Amino acid sequence: MKKIIGTVVAVIVAAVLGFAGWLFLGRDPMSFAGGRAVALEDYKGGDVTGVPAQLASADLVKRGAYLIHAADCQACHTAPGGVPFAGGFAFNMPFGTLYSTNITPDKQTGIGDYTDAQFLAAVHKGIRADGERLYPAMPYTSYADMTDADALAIKAYLFTLAPVHAPPKPDQLSWPFNQRGLLALWDVMFNPDERFRPNAGQSQQWNRGAYLAEAMGHCGECHTPRNPAFALDNHRKFAGALTAGWRAYNITGDKDAGLGDWNDEDIYLYLSTGHANGHGGSAGPMGEATDNSLSYLVPDDVHALVTYLRSIPAHASDLPRTVTTPAPASHKEGLVADSEPRGEKIFAGACASCHDWTGVSPVTGYATLTGVRAVNDPSATNVAQTVINGVARKTADGKIFMPAFGEGYSDDDIAAVANYVTGRFGAKGAHLTGGDVADLRKQASQHPNLQEAPHG
Amino acid sequence: MHTLTINGQSREVDAPEDMPLLWVLRDHLGLVGTKYGCGIAQCGVCTVHVGGKPVRSCQLVVGDVGTRAVVTIEGVGNTPHGAKVQQAWMEAAVPQCGYCQAGQIMSATALLDGNPNLDDSDIDAAMAGNLCRCGTYIRIRRAIKNAAAKSA
């Protein structure tokens, strides 16, 4: 009997340790590349951190301005319509709501009194000046890779901003998630708190791309699935995840679900402008990442990101291969609405004038639906979110706009039109219900100040 | 400087890339038959033809027109279907206040250009994005059918 109990205990212990080890091993975002990681000063391939060569002699604040764009601090530290960096952006999560904080140099409510050491502790370790732990909504496990010099350049930039008095909004989290102290355990497990270590076997361009993607842009925070402890599971690096009610797509080399079928130029254009012909445009959180961050990177840095993305091993996910042929010009061909014409009727009245019955927009390539990942996603998550929230992007080419239909159309209407659009232009039609759309509305982190569509 | 082909004529326009075609037509070229309605492609009054397709000119920026020919309400009467649609419009006395009618005629003409053998469902699909606050929809449908009958 004792023997049996002993064996059972041993098996349980082994399983727990094995699982913990598996979680632990999944935390390194660059282990997929193999090879040997070396200390930054031991890497002989050239500079991979800091600002690009053309800014090398710029002053500290200018360098900080470039780096704060690369790290995309603004998207989360700004409430919709609010003062940049004054915080108040809501993260709606299954266990409650968190708000981003004010990182303007206000002494009472911002970071005006932070020393360099305190700022580095927040960025690298997720520890505030008062010693409390930050929630990993602040991507400090990614920023841990950032060099001290780069983090302090960002601080120098932030300290040139006008201080804004904006007290932190109280978080609304359920027990036990409201116990910040517990994060100490989480941090031991999931934050290696180690600065970027270049891969000696990879080119400077690859390492620069890795630094930009991991330490600065923190792409994995949305694009990498999370493990049961809500830490990034790099066993499935960049395989796609649902974040804030939007689907961050698979950006691995998978041909069906990922970027395997994109050429380098398309990826370059998508990153730098938020649009590539035949692949559509970014919207939602990726639209923000484009407009606040990626569009500010110099061409060499975007090329470095492309090189790095190209090296990510393919992970399949549940998305079908993207349909790249336009739908027929007549509404009577292709997907035909029969028993449930609501989606087609809404499309005819509100959508067809810009998106066309073929899906190829006569107005702008940004509005072409053919070949767009979201339209080929049978969950229709991003289609529904785009219909609800619209698109309001500011690009180098001017404003990119789609009305927000969330206030003018019911949940059932939005479900019907999302199902119709994915069925007509994508690989497989969705089966959203009004209830699903109501859930998506709740998950979206924000309700930006939108220009509403008229009631339809 | 943009060179546009409008109603068969080449026109030079000095306007920013991101200016909507509607502004160019009305403010730069004096073609005020095309109206401004909602400004977000949801009412259809600003419809013109670009490369043969009905397009909401409030959303198409001039820099994206390219070499595609533009036809407005001022020129559509010189096209075979446009002439028939306008004639049918008069015979059915379609307009009430008239504000949306330029857009209605442009959408109806594009519909006939693409498919002269149309039925109610084709009319619904092509015209659903053109709103008429006076509710002339029944007369619009009749006029399109009459024009189609004369085109067939």
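Residues numbered from 1 in each chain as written. Chains lettered and ligands numbered in written order. Predicted model: local features only at pLDDT ≥ 70, side-chain atom pairs only at ≥ 80, totals over all residues.

### Things to note about the interface of chain A and chain B
Stage number 1. Between chain A and chain B, the contact holds 18 residues from the first and 22 residues from the second.
Stage number 2. Broken down by element, the side of chain A that touches chain B gets its largest block of residues, seven residues, from helix α13 (residues 342-355) of chain A.
Stage number 3. Its residues assigned to classes, the side of chain A that touches chain B shows 10 nonpolar, six polar and two charged. (Contact = placed C-beta atoms within 7 Å. Helix = DSSP H or I, 4+ residues; strand = E, 2+ residues; numbered from the N terminus. Nonpolar A, V, L, I, M, F, W, Y, C, P; charged D, E, K, R; others polar.)

### Let's talk about the domain arrangement of chain A
Stage number 1. Split into domains, chain A comes out as domain 1 (50-190) and domain 2 (342-443).
Stage number 2. Put simply, the middle of domain 1 of chain A and the middle of domain 2 of chain A, counted by C-alpha atoms, are 33 Å apart. (Domains from an automatic or database assignment.)

### Quick word on the pairing of strand β9 (residues 398-402) of chain A
Two faces belong to every sheet, and in a regular strand the side chains alternate between them.
All names here are of chain A.
Stage number 1. Where strand β8 (residues 391-395) and β9 come together, five bridges link them in antiparallel fashion. Bridge pairing in β9 places Val 391 opposite Met 402.
Stage number 2. Hairpin connection, β8 to β9: the antiparallel pair is bridged by two residues. (Pairing = 2+ DSSP bridges.)

### Thoughts on the sheet that holds strand β3 (residues 172-173) of chain A
Stage number 1. Across the sheet, three strands lie side by side as β1-β2-β3 (chain A); this open sheet has antiparallel pairing. Looking at the sheet topology across the chains shown, the edges are occupied by β1 (90-93) and β3 of chain A.

### Some points on the environment of A:Asp291
All names here are of chain A.
Stage number 1. For Asp 291, the position within the fold is in helix α11 (residues 284-292).
Stage number 2. Considered as a pair, Asp 291 and Ala 75 are 216 residues apart in the sequence and their alpha carbons are 9.2 Å apart.
Stage number 3. When neighbours within four sequence positions are excluded, Asp 291 is seen to be in contact with Gly 274, Arg 393, Lys 394 and Thr 395.

### Concerning the domain arrangement of chain B
Residue and element names in this part refer to chain B.
Stage number 1. Under the domain assignment, chain B is made up of domain 1 (2-71) and domain 2 (76-151).
Stage number 2. Here the C-alpha centre of domain 2 lies 20 Å away from the C-alpha centre of domain 1.
Stage number 3. With three residues, strand β3 (residues 47-50) is the largest single contributor of residues to the side of domain 1 that touches domain 2.
Stage number 4. Each residue belonging to the side of domain 1 that touches domain 2 can be placed in one class, and the counts come to six nonpolar, six polar and two charged.

### Details of the packing of helix α8 (residues 204-216) of chain A against helix α12 (residues 299-310) of chain A
Residue and element names in this part refer to chain A.
Stage number 1. Packing of α8 against α12 brings their axes to within 7 Å, and their N-to-C directions diverge by 95°. The orientation of α8 with respect to α12, classified from their angle, is roughly perpendicular. Where α8 abuts α12, its residues Gln 205, Trp 206, Arg 208, Gly 209, Ala 210, Leu 212 and Ala 213 lie against Asp 301, His 303, Ala 304, Leu 305, Thr 307 and Tyr 308.
Stage number 2. Partitioning the contact of α8 with α12 into residue classes produces seven nonpolar, four polar and two charged. (Axes fitted to C-alpha atoms, helices over the stretch in contact; angles between N-to-C directions. Parallel < 35°, antiparallel > 145°, perpendicular 65-115°, else oblique.)

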